[in-house]
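For reference, the chains in residue letters:
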Amino acid sequence: MNLTDYRDITALLQRHGFRFSKSMGQNFLTAAWVPERIAAESGITKADGALEIGPGVGCLTAELAKTAGRVTAIELDGRLRDVLGETLGAYDNVSLVFADALRADLCAVCAETLGERPWKVCANLPYNVTTPLITAFLEAGCFESVTVMIQKEVAQRLCAAPGTGEYGAFSVLVQWYAEPKLLFDVPPHCFVPQPKVTSAVVRMDRRTAPPAIADDEKFFFRTVRAAFAQRRKTLPNALRSGLSELNREDINAAVEEVGLPLDVRGEALAIAQFAALSNALLRKFNK
């Protein structure tokens, strides 16, 4: 069975009485080169354990089973249990977990199913849960890399540089934890049903240490969110809305203390500048 052939997929799903769910963002791949290239460029080897979210009919899972030591695929849709049992039954290094990945303890799942080997994420993510899932992968701190296919617009945002229109709070979060790299695009005709947008594959390699020193990481991210919450406002005005405990004078003083003009906007700041700014603001809190 070819798990990327439209006729084979259709026949498979009909045998099991399966219908696509728009609410779950289900789009199955129909181009064999895509899962092959995703698995190859993830850098996953027999020494690694691979975590996949949303295996669909299992085309990427099968590719990962050939290259990884073990594979764990988490699937939300229980209707795919029999489908995946048929398509992946021949692979003895694949574990299927039917659960909500957003609610699961991902590190605990991997510890139980992948064992004592490096863990790496490799998945074709549903568009509607892309941001929370990537955030969960990075904040978990247990994955060496995260390679995912997502909406191209989102991929560009998480790789964006300061001063660009795509750069935002999500860019800073991703780049705080990892070094992202845009790998390749995947056009809509490679899926069934076809999405309305182009997809892209991005790989995020975990940093061994943050790119800057933040005295309080939680407050650092709060500062970043405040800076981008109202993009049209200058940085001091945006910070006053998001950090209401601080007065105008303290915020202006902190901005100037790190060498920034008062008319600067948040999108102009690099991560190191955000870290310095959050440290200066934190000192105002604690004075």
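Look up: the structure comes first, before these words.
Note that this is a predicted model, so its numbers are computed, not measured. (Residues numbered from 1 in each chain as written. Predicted model: local features only at pLDDT ≥ 70, side-chain atom pairs only at ≥ 80, totals over all residues. Heavy atoms only, no water.)

Applying the stated criterion across every chain, the model contains 13 salt bridges. A salt bridge links D77 to R79; its shortest N-O distance comes to 2.7 Å. The class of D77 is buried, set by a relative accessible area of 3%. Look at R79 and you get partly exposed, because its relative accessible area is 40%. For the salt bridge of D185 with K152, the shortest nitrogen-to-oxygen distance reads 2.8 Å. Residue D185 is found in strand β7 (residues 178-186), and its partner K152 is found in helix α7 (residues 152-159); the two are separated by 33 residues along the sequence. (Salt bridge = Lys/Arg side-chain N within 4 Å of Asp/Glu carboxyl O. Buried < 20%, exposed > 50% of the residue type's maximum accessible area, 1.4 Å probe, protein only. Helix = DSSP H or I, 4+ residues; strand = E, 2+ residues; numbered from the N terminus.)

All right, on to the state of the cysteines then. Applying the stated rule across the entire model yields 1 disulfide. Note that C107 is cross-linked by a disulfide to C142, the S-S spacing being 2.3 Å. The S-S bond linking C107 to C142 shows a torsion near -90°; that makes this disulfide left-handed. With a gap of 35 residues between them, C107 in helix α5 (residues 106-113) and C142 in the loop between α6 (130-140) and β6 (145-151) connect regions that are remote in the sequence. A relative accessible area of 17% means that C142 is categorised as buried. (Disulfide = S-S within 2.5 Å.)

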